[in-house]
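Below, each chain spelled out in residue letters.
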Amino acid sequence: MDLEARSLQPNVKAVLLAKLREYKSDLNNLKSEHKRLASSNSNQAARDDLLESGMADAMSVSANQRGRLMMSTERLNESSDRIKESRRTMLETEELGVSILQDLHQQRQSLLHANDTLHGVDDNISKSKKILTNMSRRMSRNKWIISSIIVVLVVAIALILYFKLSK
């Protein structure tokens, strides 16, 4: 890595070489600390005491973690139940909505049919009104014609009587 960093451009090279030196220094520190810990077998009793107290702490931490895990699991189950209940409610609401939409569609069809029937009836009433108006006109005309015929006949009878009686 050192050779690769030296072969790069000068502005990048300075930054990379500084990081490389820092990493080498950290590596050397870790190696020396590892050697120190590996060679300190004389403190074995202190190490065992430390491990035993660590185990006791680990047990209490483990029990604490187990309790929190159980509480989290219970909350998760409650949340799942609430989600299932919400989903069931949503499905019931959707079913109700579909039913309402179907009823509204049927009512719309009924209203459209009634509207068509009403227009048909309105057309029939208009035709009937025209027919009745025509019949009324014909009746009036026929009355005038019959009245005229009666008047002509009365005049004719009167003329016939007048001529017959005057002779």
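Note that the structure is a prediction, hence the values are computed from the model and not measured. (Residues numbered from 1 in each chain as written. Predicted model: local features only at pLDDT ≥ 70, side-chain atom pairs only at ≥ 80, totals over all residues. Heavy atoms only, no water.)

**Describing the overall build of the chain**
Just so we agree on the cut-off: Only DSSP runs of H or I covering at least 4 residues are called helices, and only runs of E covering at least 2 are called strands; the numbering of each starts at the N terminus. Surface accessibility follows the Shrake-Rupley procedure with a 1.4 Å probe radius. Residue values consider only the protein chains on display as shielding.
Looking only at helices and strands, one finds three helices and zero strands in the chain. Along the chain, helices (α) and strands (β) appear in the sequence α-α-α when read from the amino end. For the chain, the accessible area works out to roughly 15,700 Å², and carbon and sulfur atoms hold 62% of it.

**Digging into a nonpolar patch on the surface**
Heads up, the rule is: Grouping into patches uses exposed residues only, defined as over 30% relative accessible area, and leaves out salt-bridged ones; the cut-off is 9 Å for like charges and 5 Å for nonpolar side chains (Val, Leu, Ile, Met, Phe, Trp, Tyr). Salt bridge, as used here, is a side-chain nitrogen of Lys or Arg placed within 4 Å of a carboxyl oxygen of Asp or Glu.
On the surface, V151, V155, L159, Y162 and F163 cluster together into a nonpolar patch covering about 510 Å² of accessible area. Looking at the element boundaries, V155 is found in helix 3 (residues 44-166).

**Structural notes on the confidence of the model for the chain**
Inclusion rule: By definition, pLDDT measures how confident the predictor is in each residue, and it falls between 0 and 100.
For the chain, per-residue confidence averages 84 on the pLDDT scale, and residues scoring 70 or more make up 82% of the total. Looking at the elements of the chain, mean pLDDT is at its lowest for helix 1 (residues 2-6), recorded as 66, and at its highest for helix 3, recorded as 88.

**Remarks on the pattern of salt bridges**
Filter applied, for reference: Working definition: with a 1.4 Å probe on protein chains only, accessible area under 20% of the residue-type maximum means buried, over 50% means exposed, and in between means partly exposed.
Enumeration according to the criterion identifies two salt bridges in this entry. Note that E85 is salt-bridged to R88, the shortest N-O span being 2.2 Å. Here R88 and E85 lie together in helix 3, a separation of three residues that amounts to about one turn. On the accessibility criterion, E85 (39% relative accessible area) is partly exposed. Residues joined by salt bridges that share partners form a network here, namely E85, R88 and E92.

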